[in-house]
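What follows is the residue order along each chain.
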Amino acid sequence: MVSTGASASASRATRLNLDQYIATTSAAIRTFTGTRDVKVMVNLSPARPAPPFRVAMTVHADGIRPAPVRASIAVAAQAVRAYTPGFKVTSLAVDPGRISVAVEVTASGGRLPRHAGSVDIINAAAVLLAGQSAAASR
């Protein structure tokens with residue numbers, strides 16, 4: 001998995017926590033997929049204008065059936081867009097033994113610049129989980 005974000009959206013605190021981000025993301029992928037072989041990389045781009053937050057993931061697996069994979073990704077993307085409207089799948093290839101998917105997140109405006117999609121999706125997920133927690137405790 002490769003995450004690419006705008007250098008302008010990566011504060012000093014973010015930069016100091018990149019190792020923790022990589023370790024946490026690797027652990028999450030291992031848990032979700034059940035595989036031990038995981039590689040996570042982060043790129044911070046100084047490009048102007050600042051690029052949106054992007055994530056590209058390649059999965060190697062046997063017995064891939066394209067239709068269910070495509071359907072599952074479409075359902076997951078729709079669920080994420082419900083709380084992060086700037087989320088979109090920009091590329092999806094399902095080949096024998098390999099799935100490659102790329103997503104892009106642009107901040108929905110307001111207080112965050114469009115290139116701060118990583119911050120927008122984190123904030124939106126936190127609000128979603130807080131709402132779910134509050135609903136569950138009623």
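Criteria and cut-off values
Residues numbered from 1 in each chain as written. Predicted model: local features only at pLDDT ≥ 70, side-chain atom pairs only at ≥ 80, totals over all residues. Heavy atoms only, no water. Pairing = 2+ DSSP bridges. Helix = DSSP H or I, 4+ residues; strand = E, 2+ residues; numbered from the N terminus. Axes fitted to C-alpha atoms, helices over the stretch in contact; angles between N-to-C directions. Contact = heavy atoms within 4.5 Å. Expected span 1.5 Å × (residues − 1). Salt bridge = Lys/Arg side-chain N within 4 Å of Asp/Glu carboxyl O. Buried < 20%, exposed > 50% of the residue type's maximum accessible area, 1.4 Å probe, protein only.

Student: Would you take a moment to explain the sheet that holds strand β5 (residues 98-105) for this structure?
Tutor: The pairing of strands in a sheet happens through backbone hydrogen bonds and is either parallel or antiparallel. Spatially, the 5 strands line up as an open sheet ordered β2-β1-β3-β5-β4, and their pairing is mixed. With one partner strand each, in any of the chains shown, β2 (41-45) and β4 (87-95) form the two edges of the open sheet. Here the average twist between neighbouring strands, direction ignored, is 10°. Across 5 bridges, strand β1 (residues 2-6) lies against β2 in parallel orientation. Residue pairing across strands places T4 opposite N43, the latter belonging to β2. In this fold helix α2 (residues 18-33) packs onto β1, β2 and β3 (53-60), with an angle of close to 135° to the strand it touches most, β2. Along the sheet, helix α3 (residues 66-83) makes contact with β4 and β5, crossing β4 at roughly 170°.

Student: Would you explain helix α4 (residues 117-136) in this entry?
Tutor: Owing to its 3.6 residues per turn, the α-helix aligns residues three or four sequence positions apart on the same side. Between its first and last C-alpha atoms α4 spans 28 Å; for 20 residues at 1.5 Å apiece the expected length is 28 Å, and the two agree. On its buried face, α4 is in contact with β3, α3 and β5.

Student: When you look at the pairing of β1 in this model, what are you seeing that I'm missing?
Tutor: In the case of a regular strand, side chains alternate between the two sheet surfaces. As paired elements, β1 and β3 share 3 bridges and run antiparallel to each other. In the sheet register, V2 faces β3, and the bridge partner there is A56.

Student: Help me out: how do you make sense of the pattern of salt bridges in this one?
Tutor: Opposite charge on two side chains permits them to pair, given that their charged atoms come into close proximity. Scanning the model with the defined rule gives 2 salt bridges in all. When the shortest N-O distance is used, the salt bridge between K88 and E104 registers 3.9 Å. Taken together, the residues K88 in strand β4 and E104 in strand β5 connect sequence positions 16 residues apart. The class for K88 is partly exposed, based on a relative accessible area of 42%.

On their own, these measurements won't tell you what the molecule is for.
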